[in-house]
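# Structural description and commentary
Single-letter residue listing:
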Amino acid sequence: MRIEEEYVKSGYFWLPEKQERKIPGTLTISDGGKIELEIVGLFEEDLDAINGNGYLDRIIGHVEQDGLVTLDDCYYENKNISFGGIAKSRIIVHSALSGAAYEKNEPITFNSLSFRTDCIDEWLGIKGITIEHEVKNKKVTILYNHPQSITFQLDNKMQLEICFGYTLSSPTRTAEAKISQKASFKLFSEELRPLSDFTGIAFKLTTLMCLATNTTVTLKNLVAKSSEIKTNLDRGDNYEVPIYIYYRSIPFSEKPPNTKWVEMLFNYKVISSDAQDVFNKWISAYDNIAPALNLYFSTTSDAQKYLDGKFLALAQGLETYHRSISNEKSMDPEEYEILVAKVIDNCPEEKLEWLNGRLMHGNEINLRKRLRRIIEPFKTYIGNNRERERLIKSIVDTRNYLTHYNENLMDSASRGSDLGVLCERMEAIFQLHFLKEIGLKDEQISSIIQNCYALRRKL
């Protein structure tokens, strides 16, 4: 989670079941969503508390400026008891909800969640600001037409909106005029849903943005609302209280990306006519091929620090991906069962356990065949037949060498810059399949390859 301004608030904190015991402390939320609470003493009053497991289900607080805050899934990083002096204890917090206090075991549910990601404005390319210059008259006119929200129906009975907000500079500033437009995603549900339902979809949409922008983007500015949490205005109107959500979300990049639309795999314009299907198919794909997707995104973020690890994650990801979309076997399953029975009948009893382990996946096709199947739909973009076979051999030999350290494969395994190039080609194969997963047609994929220099270079 991107925290653009460090959050440091002082206040009083207590356990929901012990409201009478309020302890002073400081709540800190730093970039990445790391949440820490430093308190004076301990929430527990007896000395035996220092030997407990240190887990605290929920903490309530009242902090400066923001008011009520709920801290969920907490544990002591260290405990200190004062014997006359001042002792401070530090608590690690999984998630913070600023704007409301929830009772012990009270479910946290919402009707909506709005959020932004890095690069969302550049990806959308929808702007309401136009600037007109009249050089002769030394006149500049700035016009703003607020873009209409774009609404999509999701298969999980949620509604997704792309919303546009804007801010104006203060009218009292006579020497400056400024208008800023910011886009955001908004998930809405008629019925109350757990926060995890919303953050789960937000995560999947963030990874789609990572794919589309060709970089690691981070979730930020999460605001949830519930029809059950309202406040009264002075004129008697009710409105839903905004609850600001903080937690350590992934993916995360320490440095905010500065990706231009020309560096992206595709922008919103490419999918605008079928955007609802694209969003739904990506969310569905994450349910079906999550292991492969997670392995891929671990290589495009900072999760893989070494090139060997990145390659192995990509190789395993491609193999896992093919397993999830194909049931192809080396031979007919019934034929294989007959063969297995014959082999087991002739196996010494003391070797049966070993043999069963070898036969468990004996009918699976090997990595070489899986790579051929994966490359087949896009072979026209990956060289001629000899070049494709050379690519497959390099992947297989390098995977086998790094996995089994077979010295016979040392000379044929890729390393150094060659391994880097191999990783890029594997990334490109993944990207082509993901474009297919979200429903893009062959001509659209061909157009993306022609217009995306980064993808073309990898291929």
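Residues numbered from 1 in each chain as written. Predicted model: local features only at pLDDT ≥ 70, side-chain atom pairs only at ≥ 80, totals over all residues. Heavy atoms only, no water.

### Points about the overall build of the protein
When its secondary structure is counted, the protein shows 13 helices and 16 strands. Along the three orthogonal principal directions, the C-alpha set of the protein runs to about 80 × 80 × 45 Å. Among the 459 residues that make up the protein, the fraction classed as buried is 44%. For the protein, restricting intrachain contacts to residue pairs at least 6 apart in sequence, the fraction spanning at least 24 positions comes to 65%. Summed over its atoms, the accessible surface of the protein is roughly 25,500 Å², and 48% of this surface lies on carbon and sulfur atoms. (Helix = DSSP H or I, 4+ residues; strand = E, 2+ residues; numbered from the N terminus. Buried < 20%, exposed > 50% of the residue type's maximum accessible area, 1.4 Å probe, protein only. Contact = heavy atoms within 4.5 Å. Areas by Shrake-Rupley, 256 points an atom, 1.4 Å probe, with all protein chains shown as cover.)

### Topic: the packing of helix α10 (residues 385–404) against helix α11 (residues 417–437)
Put simply, α10 and α11 touch, their axes get as near as 11 Å, and they point 110° apart. It follows from the interaxial angle that α10 and α11 lie roughly perpendicular. Like other packed secondary-structure pairs, α10 and α11 cross with a definite hand, here left-handed. For the pair formed by α10 and α11, the contact residues are Leu391, Ser394, Ile395 and Thr398 on the first element and Leu419, Leu422, Arg425, Met426 and Ile429 on the second. By residue class, the composition of the contact of α10 with α11 is six nonpolar, two polar and one charged. (Axes fitted to C-alpha atoms, helices over the stretch in contact; angles between N-to-C directions. Parallel < 35°, antiparallel > 145°, perpendicular 65-115°, else oblique. Left-handed = near helix turned anticlockwise from the far one by under 90°. Nonpolar A, V, L, I, M, F, W, Y, C, P; charged D, E, K, R; others polar.)

### Observations concerning a negative patch on the surface
Together, Asp332, Glu334, Glu335 and Glu337 make up a negatively charged patch on the protein surface. Note on placement: Glu334 falls in helix α7 (residues 333–345). (Patch = residues over 30% accessible without salt bridge, like charges linked within 9 Å, V, L, I, M, F, W, Y side chains within 5 Å. Salt bridge = Lys/Arg side-chain N within 4 Å of Asp/Glu carboxyl O. Lys, Arg positive; Asp, Glu negative; His and termini not counted. Charge placed at Lys NZ, Arg CZ, Asp CG, Glu CD.)

### Notes on the pattern of salt bridges
According to the stated counting rule, one finds 25 salt bridges in the structure shown. The partner of Glu427 in a salt bridge is Lys310, and the shortest N-O contact between them spans 2.9 Å. One end of the pair, Glu427, is in helix α11; the other, Lys310, is in helix α6 (residues 307–325), and 117 residues separate them in sequence. For Glu427, a relative accessible area of 8% gives the class buried. Between Glu328 and Arg373 there is a salt bridge, and its shortest N-O distance comes to 2.8 Å. Placement of the pair is Glu328 in the loop between α6 and α7 and Arg373 in helix α9 (residues 367–375), with a sequence separation of 45 residues. What emerges from the salt-bridge pattern is a single network uniting Lys34, Glu36, Glu38, Glu77, Lys88 and Arg90.

### Observations concerning the pairing of strand β2 (residues 23–30)
Burial along β2 is one-sided: the residues Ile23, Gly25, Leu27 and Ile29 are buried and none of Pro24, Thr26, Thr28 and Ser30 is. In this sheet, β2 lies alongside strand β1 (residues 7–14) in antiparallel orientation, the contact comprising seven bridges. Its bridge partner lying in β2, Phe13 is registered against Ile23. In this structure, β2 lies alongside strand β3 (residues 34–40), joined through six bridges in antiparallel fashion. Along β3, the bridge assignment pairs Leu27 with Leu37. (Pairing = 2+ DSSP bridges.)

### Here's the deal with the packing of aromatic side chains
The tally for this structure, following the rule as stated, stands at 16 aromatic pairs. Their ring planes at 90° and their centres at 6.5 Å tell us that Tyr321 and Phe434 sit as a pair that is edge-to-face. Within this pair, whereas Tyr321 is found in helix α6, its partner Phe434 is found in helix α11, the two being separated by 113 residues in sequence. Considered together, Tyr321 and Phe434 belong to a single accessibility category, that of buried residues. Members of the aromatic cluster, connected to one another through ring pairs, are Phe203, Trp282, Tyr286, Tyr296, Phe297, Tyr321, Phe430 and Phe434. Residue placement shows Lys9 over the ring face of Tyr7; its charged tip is 5.4 Å from the ring centre. When the ring centre of Trp14 is taken as origin, the NZ or CZ atom of Lys22, which lies over that ring, is 4.5 Å away. (Phe/Tyr/Trp six-rings, centres within 6.5 Å; stacked < 30°, edge-to-face > 60°. Lys NZ or Arg CZ within 6 Å of the ring centre and 35° of its normal.)

### So, the nonpolar core
With 119 residues, the main nonpolar core has Phe43 and Trp123 as its most contacted residues. Membership of the second largest hydrophobic core comes to five residues, among which are Tyr336, Val340, Leu355 and Leu359. (Core = buried A, V, L, I, M, F, W, Y, C linked by side-chain atoms within 4.5 Å.)

### Focus: the side chain of Lys204
Mapping Lys204 onto the fold places it in helix α2 (residues 195–213). Classification of Lys204 as buried rests on a relative accessible area of 14%. Within the structure, Lys204 has its side chain in polar contact with the side chain of Asp287 (distance 2.8 Å). When sequence neighbours within four positions are dropped, the list of residues in contact with Lys204 reads Trp282, Ile283, Tyr286 and Asp287. (Polar contact = N/O pair within 3.5 Å; in protein donor to acceptor, adjacent residues only side chain to side chain.)

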